[in-house]
Amino acid sequence: MAKLILSVDGTVLREYGLSKERTTIGRKPHNDIQVDNLAVSGEHAAIITILNDSFVEDLNSTNGTLVNGKPIKKHFLQHNDVIEIGKHKLKYFNDQPAAAASADFEKTMIIRKTAPAPAPAPAAHAAPAAAVEASDTHTNLRSQASEGHAAMPDIPTVQTSASAPSTGAARDAAIQLLSGSAAGRSMDLVKNLTTIGKPGTQVAVITRRPAGFYITHVEGASFPSLNGVSIGAQAHQLNDHDLIEIAGVKMEFFFKP
Amino acid sequence: MTLAQALQIVAKTDPGRVRSHNEDCVESRPDIGVVVLADGMGGYNAGEVASGMATTLIATGLAEAWNARALARLSRDESVALAERLVRDEIARANSAIFSAAQNDPQCNGMGTTLVTCLFYDDFLTVAHIGDSRLYRLRGDVLEQVTRDHSLLQEQIDSGLISKEDARLSHNKNLVTRALGIDETVEPEVHVHDIQPEDMYLLCSDGLNDMIEDGEIEMTLVALRSNPDLAAEQLVQAANDNGGRDNISVILVKVLKGFAVQRGWLARLKALFS
């Protein structure tokens, strides 16, 4: 069960378990957490608890409610958040991550409703749920070359796609083109997946993982080569200064200092 | 163009890095365009019994009910209606079977499973789901979540109690409001969607979407769409790299070409003799 620890001027006063759906905080005695101080309104704030989540809501108090120093109207509480009401502090504890060691965490469970079951969803309803925002940036080295020239089929397209922050390797890395008309350009490998090569001809992917960077063949009749040797269908870990050849272009993988 | 030629199907399941058992189950029947994914729960490690029963019974039941010749005689509207009826019937049958198994075996008491199943036919897709296993669709470069979770958290989001951003941090994840096999009857949610060539569909258990964000799923499918096998492997690997705290299952269905049913007198004539 989550709990709040009430303190003032650094002195701990009391601990409160959040067992009820609504835990009220205020100066008047009927509150679950009574804070007897003139800076606190009669009914100052409330904690709404739905199973393992809690929210703090200000009840239009005179002096307002702060969480981690910021005034709030309603706030979804995280472990170690500090609620300030007048001069009093309430620290929120909900240490579920400690349970991650046990196999029960993340286990799917059924929750029964006590209210009557809702009406069944209408059948054959064609509209899908809210779309996920598309986020991608394509950096096409071909277009970075002067636009007036005819297309150069030998330049590989390096595409990095935007994504959530990568879990990636401890060290940063990049690839530098060694041949072709874009020779000399380098591309940082910041994202978890970077595809290289020519779609439809030969494509490989460089994945960024906790243990390092790996190259894997994606499509194409033949495989790219790593330090002169064909990589086949398996993933290969990349080492500093490895030479990759793909779609007729040579490039070097290196860790950034 | 047969279904098996029009659809490329890859199914993978992985126990993850925390759990000793894999209670997820995946099954595919490319010849009839059916895929089933189930995430079992409850009982004493009986989740795998429930999910195994669900995938086997539904896939086999649909295969038995499938009669290509009879189906070809129906109009499109009739096919759509029949597909939904068949799917509902097989889910009801699976539900009864799991429910009585749970009643009869003390170790299986309370077992149940989520479900997401797709039936591809005549350029449309019938999807039925129960719980928080999902169907996503990649069309062009955009990933869309097609099913809406039957979960406490989704209900809170729908009623404005919690924002989507806060929901990611919620401790109430994984609480489903519907499951297969825990009650005498169950109400699946069934929808029909049109299909376009080059679409890619992803069925997955929450072991995937709880570990990696939708943006990363989208990026992975866009980058590796020419190699669905590698895409599925990469999704599972990314989920494990991020902790792998639950079983991870994915089924990818790539639509290579359209598979509309040819109707008209010549087709019916051919059907008489096939």
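All values reported here derive from a predicted model rather than from experimental measurement.

The rules behind these values
- Residues numbered from 1 in each chain as written.
- Chains lettered and ligands numbered in written order.
- Predicted model: local features only at pLDDT ≥ 70, side-chain atom pairs only at ≥ 80, totals over all residues.
- Helix = DSSP H or I, 4+ residues; strand = E, 2+ residues; numbered from the N terminus.
- Contact = placed C-beta atoms within 7 Å.
- Rg over C-alpha atoms; globule rule 2.2 N^0.38 Å.
- Buried ≥ 20, exposed ≤ 12 C-beta atoms within 10 Å, placed from the backbone.
- pLDDT = per-residue confidence, 0-100.
- Axes fitted to C-alpha atoms, helices over the stretch in contact; angles between N-to-C directions.
- Left-handed = near helix turned anticlockwise from the far one by under 90°.
- Nonpolar A, V, L, I, M, F, W, Y, C, P; charged D, E, K, R; others polar.
- Expected span 1.5 Å × (residues − 1).
- Pairing = 2+ DSSP bridges.
- Parallel < 35°, antiparallel > 145°, perpendicular 65-115°, else oblique.

### With respect to the overall build of chain A
Right, on to step 1. Along chain A, the regular secondary structure elements total 1 helix and 23 strands.
Right, on to step 2. Look at the contacts in chain A between residues 6 or more apart in sequence, and 40% of them connect residues 24 or more apart.

### Section: the overall build of chain B
Right, on to step 1. Check the secondary structure of chain B and you find 10 helices and 12 strands.
Right, on to step 2. Taken against the 2.2 N^0.38 rule, which gives 19 Å for 274 residues, the C-alpha radius of gyration of chain B at 19 Å falls within 12% of a compact globule.
Right, on to step 3. Judged by the C-alpha coordinates and their principal axes, chain B covers about 60 × 45 × 35 Å.
Right, on to step 4. Per-residue burial for chain B yields a buried fraction of 51% across its 274 residues.
Right, on to step 5. Here the contacts in chain B between residues at least 6 apart in sequence split such that 74% fall between residues at least 24 apart.

### With respect to the confidence of the model for chain B
Right, on to step 1. Across chain B, the average pLDDT comes to 93, with 98% of residues at or above 70.
Right, on to step 2. Here the prediction assigns the complex a pTM of 0.80, and the interface score ipTM is 0.85.

### Remarks on the packing of helix H2 (residues 47–65) of chain B against helix H4 (residues 76–104) of chain B
All names here are of chain B.
Right, on to step 1. Running from amino to carboxyl end, H2 crosses H4 at an angle of 145°, the nearest separation of the two axes being 9 Å. For H2 against H4, the interelement crossing comes out right-handed. Contacts from Val49, Ala50, Met53, Ala54, Leu57, Ile58, Gly61, Leu62 and Ala65 of H2 reach H4 at Leu86, Glu90, Ile91, Arg93, Ala94, Ala97, Ile98 and Ala101.
Right, on to step 2. Across the contact of H2 with H4, the residue classes tally to 14 nonpolar, 1 polar and 2 charged.

### Brief notes about H4(B)
Right, on to step 1. Taking 1.5 Å per residue, 29 residues should reach 42 Å; H4(B) reaches 42 Å between its end C-alpha atoms and fits that length.
Right, on to step 2. Contacts from the buried residues of H4(B) go to H2, strand E5 (115–121), strand E6 (124–130) and strand E10 (189–194) of chain B.

### Some details on the environment of Asn240(B)
Residues and elements named next belong to chain B.
Right, on to step 1. Inspection of the secondary structure puts Asn240 in helix H9 (residues 228–241).
Right, on to step 2. On the neighbour-count criterion, Asn240 (21 C-beta atoms within 10 Å) is buried.
Right, on to step 3. For the pair Asn240 and Met211, spaced 29 residues apart in the sequence, the C-alpha separation amounts to 7.8 Å.

### Concerning the pairing of strand E8 (residues 142–145) of chain B
Right, on to step 1. The pairing of strand E7 (residues 134–139) of chain B with E8(B) spans 4 bridges and is antiparallel. Paired with Leu138(B) across the strands is Leu143(B), a residue of E8(B).

### A look at the pairing of strand E10 (residues 82–85) of chain A
On any regular strand, side chains alternate: one points to one face of the sheet, the next to the other face.
Residue and element names in this part refer to chain A.
Right, on to step 1. Residues Ile83 and Ile85 point to one face of E10 and are all buried, whereas Val82 and Glu84, pointing to the other face, are not buried.
Right, on to step 2. Pairing geometry for E10 and strand E11 (residues 88–93), over 4 bridges, is antiparallel. Each residue of the ladder has a partner; that of Ile83, found in E11, is Leu90.
Right, on to step 3. Linking two consecutive strands that pair antiparallel, namely E10 and E11, is a turn of 2 residues; a positive phi of about 60° is found at Gly86 within it.

### Thoughts on the environment of Leu224(B)
All names here are of chain B.
Right, on to step 1. Its location among the elements puts Leu224 in the loop between helix H8 (214–223) and H9.
Right, on to step 2. Here Leu224 falls in the buried class, since 25 other C-beta atoms lie within 10 Å of it.
Right, on to step 3. For the pair formed by Leu224 and Gln234, sequence separation is 10 residues and the distance between their alpha carbons is 8.9 Å.

### Here we look at the packing of H8(B) against H9(B)
All names here are of chain B.
Right, on to step 1. At a minimum axis separation of 9 Å, H8 and H9 run at an interaxial angle of 150°. Classed by the angle they form, the pair H8 and H9 counts as roughly antiparallel. When you trace H8 past H9, the crossing you get is right-handed. Of the residues in H9, those touching H8 at Glu216, Ile217, Thr220 and Leu221 are Ala231, Gln234, Leu235 and Ala238.
Right, on to step 2. Taken together, the residues of the contact of H8 with H9 sort by class into 5 nonpolar, 2 polar and 1 charged.

### Describing the sheet that holds strand E14 (residues 173–177) of chain A
Strand pairing in a sheet is mediated by backbone hydrogen bonds. Such pairs are either parallel or antiparallel.
Residues and elements named next belong to chain A.
Right, on to step 1. A sheet is described by the order of its strands in space; here 6 strands give the open sequence E15-E14-E23-E22-E19-E20, paired in antiparallel fashion. The open sheet has two edge strands, strand E15 (186–188) and strand E20 (229–230), and neither has a second partner.
Right, on to step 2. Both strand E19 (residues 225–226) and E20 contribute to a ladder of 2 bridges, which runs antiparallel. Each bridged residue has a counterpart across the sheet, and for Ser225 the counterpart in E20 is Ser230.

### A closer look at the sheet that holds strand E12 (residues 248–255) of chain B
Residues and elements named next belong to chain B.
Right, on to step 1. If you walk across this open sheet you meet the 5 strands as E1-E12-E11-E7-E8, and the pairing is antiparallel. At either end of the open sheet lies a strand with only one pairing partner, and these are strand E1 (7–14) and E8. Pairwise comparison of adjacent strand axes, ignoring direction, gives a mean angle of 15° for this sheet.
Right, on to step 2. Sheet strands touched by H8: E7, E8 and strand E11 (200–204). Its angle to E8, the strand with the most contacts, is close to 130°.

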